[in-house]
Every structure is written in C-alpha cells, then in structure tokens.
Amino acid sequence: ENGDLMLDKTLTRAEAVKIICVLKGITSYDSKDSVLVAEFPDVSKSHWAYEYILLAKAHEIVEGDENGYFNPEKAVTNEEFIKMLINTIGYGVRAESMGGYPAGYTANASMLGITNGLKLKTNTSAIRKDVSIMICNALDLPLMEKSIESSFGIDNVSYVIFDGENDLPLKTLRTELSKK
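Residues numbered from 1 in each chain as written. Predicted model: local features only at pLDDT ≥ 70, side-chain atom pairs only at ≥ 80, totals over all residues. Heavy atoms only, no water.

Turning next to the pairing of strand β2 (residues 154-161). Note: strand β1 (residues 144-151) against β2, 8 bridges, orientation antiparallel. Its bridge partner being in β2, Ser 150 is matched across the sheet by Asp 155. Where β1 folds back on β2, the antiparallel hairpin that results is connected by 2 residues, among which Phe 152 adopts a positive phi of roughly 55°. (Pairing = 2+ DSSP bridges. Helix = DSSP H or I, 4+ residues; strand = E, 2+ residues; numbered from the N terminus.)

Residues Val 17, Phe 81, Ile 86 and Ile 114 are the most contacted members of the largest nonpolar core, which totals 44 residues. Counting residues per element, the ones that place at least two in this core are α1 (13-24), α2 (50-58), α3 (78-88), α5 (103-112) and α6 (128-138). Contact partners of Phe 81, with chain neighbours within four places excluded, come to Ala 16, Ile 20, Val 76, Val 131, Met 134 and Ile 135. (Core = buried A, V, L, I, M, F, W, Y, C linked by side-chain atoms within 4.5 Å. Buried < 20%, exposed > 50% of the residue type's maximum accessible area, 1.4 Å probe, protein only. Contact = heavy atoms within 4.5 Å.)

Right, let's get into a nonpolar patch on the surface. Together, Val 93, Ile 148, Val 157 and Tyr 159 give the surface a local cluster of nonpolar side chains, amounting to about 350 Å² of exposed area. Relative to the elements of secondary structure, Val 93 occurs in helix α4 (residues 92-97). For Val 93, a relative accessible area of 36% gives the class partly exposed. (Patch = residues over 30% accessible without salt bridge, like charges linked within 9 Å, V, L, I, M, F, W, Y side chains within 5 Å. Areas by Shrake-Rupley, 256 points an atom, 1.4 Å probe, with all protein chains shown as cover. Salt bridge = Lys/Arg side-chain N within 4 Å of Asp/Glu carboxyl O.)

Attention now moves to the packing of α3 against α5. Between α3 and α5, whose axes approach to 9 Å, the crossing angle comes to 65°. The chirality of how α3 crosses α5 is left-handed. Contact residues: α3 offers Glu 79, Ile 82, Lys 83, Ile 86 and Asn 87, while α5 offers Tyr 105, Thr 106, Asn 108, Ala 109 and Leu 112. (Axes fitted to C-alpha atoms, helices over the stretch in contact; angles between N-to-C directions. Left-handed = near helix turned anticlockwise from the far one by under 90°.)

Attention now goes to the pattern of salt bridges. Following the criterion strictly, the structure yields 7 salt bridges and no others. Two residues, Lys 45 and Glu 39, come together in a salt bridge whose shortest N-O distance is 3.9 Å.

A few words now on the packing of aromatic side chains. For the structure on display, the rule yields 2 aromatic pairs. An angle of 40° between the planes, with centres 5.3 Å apart, marks the rings of Phe 40 and Phe 70 as tilted. Of this pair, Phe 40 sits in the loop between α1 and α2 while Phe 70 sits in the loop between α2 and α3, and the two are 30 residues apart along the sequence. A single burial state applies to Phe 40 and to Phe 70, both of which are buried. (Phe/Tyr/Trp six-rings, centres within 6.5 Å; stacked < 30°, edge-to-face > 60°.)

At the junction of Tyr 101 and Pro 102, the peptide bond is cis and its omega measures out at 0° in the coordinates. Phi at Glu 60 takes a positive value of approximately 60°, unusual for a residue other than glycine. Looking at the element boundaries, Glu 60 is found in the loop between α2 and α3. On the accessibility criterion, Glu 60 (58% relative accessible area) is exposed. Unusually for a residue other than glycine, Asn 71 sits at a positive phi of about 60°. Its place among the elements puts Asn 71 in the loop between α2 and α3. Among the residues examined, Asn 71 registers a relative accessible area of 26% and is labelled partly exposed.

Right under this line is the structure:
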C-alpha cells in the first residue's frame, strides 16, 4: 500500500504463480485453454489466486507436489521459481533432458543466464529481489515452443526456438507482452 516492493521478503507459491501468469500474459481462460484442468485439493475456489493456479497448471508451468497438492501459502523456493520460469519460456523439456527437477532446471537457468549475478542457496525460500532479477534476465530470451506436424495420421513433435533465425521471428516474453 505504501509503494514498498519489500524486496527482502519471500514470496508464497500463489504469489509466484500470479507473477508468472501475468508475465506470460495468461490472466484468464480463453479459447487456447480448451480443457480445464483438475483442481488442486488444497486450493479452494475462494482463494485469491485460484484462477492463476489453475491457469499455470493448464499451461504446464506447475504440477503440484507428490501428493497432488499445490501448497499456495507455502514459501516458493529458488528451485521452484526457477522451474516455473523455465517452463514459462518453454525450456522445460530441455531441463528434463538435463536431469529434471531440480538440477536440470537450475543448470538450464544458469546456461540461459537467468541466474546471472545471483548467488542462490538451494532449498531456500526465494526473495523478491532475486525473483525480480531472474525475471529481468529472462525477459529477452528466445521462447521455445512445441511444434506438432502431422503426416499420415502420425504426429511428429519437435521444439522450435524463436531466436530470429531460420525464417522464425524473434519471440521473447517482452515481445509477446508488448502485443497484448
């Protein structure tokens, strides 16, 4: 209320998901969200971030814990936020091929420069200042998107990086947000 960004405070998982959804430009269901996903049993419809949490799940940004819970009021860890951000820019498949969560995601974030200038501790709650830096570092990275080509009834899945080369336009979080 007083304009203080509280940069030394931690974020809850619900707050992190809202930031990610707004960053990705997904703030309400539209025609691209063809199937509503199953709800998390610990997130009531009256929770302030209910729709953001379901949108993040529908866009494969979050999954929930091993018991299917989201834990919206729990502090988000550095590794959890990195995974959300990597999935937001489309590099989750590469992170999974590099070892999955958490090592594949943190290694991928490092390779992409998302964690440049940060000394993040593992299994530690993410603080707003570090989250802000990670977001700034990710804003201009080329997005990776799934591409499905069908031939003779068979779907061939590949991933394309929109880096402005090979006749593909440059697509980043920044360029996509500027269109909205």
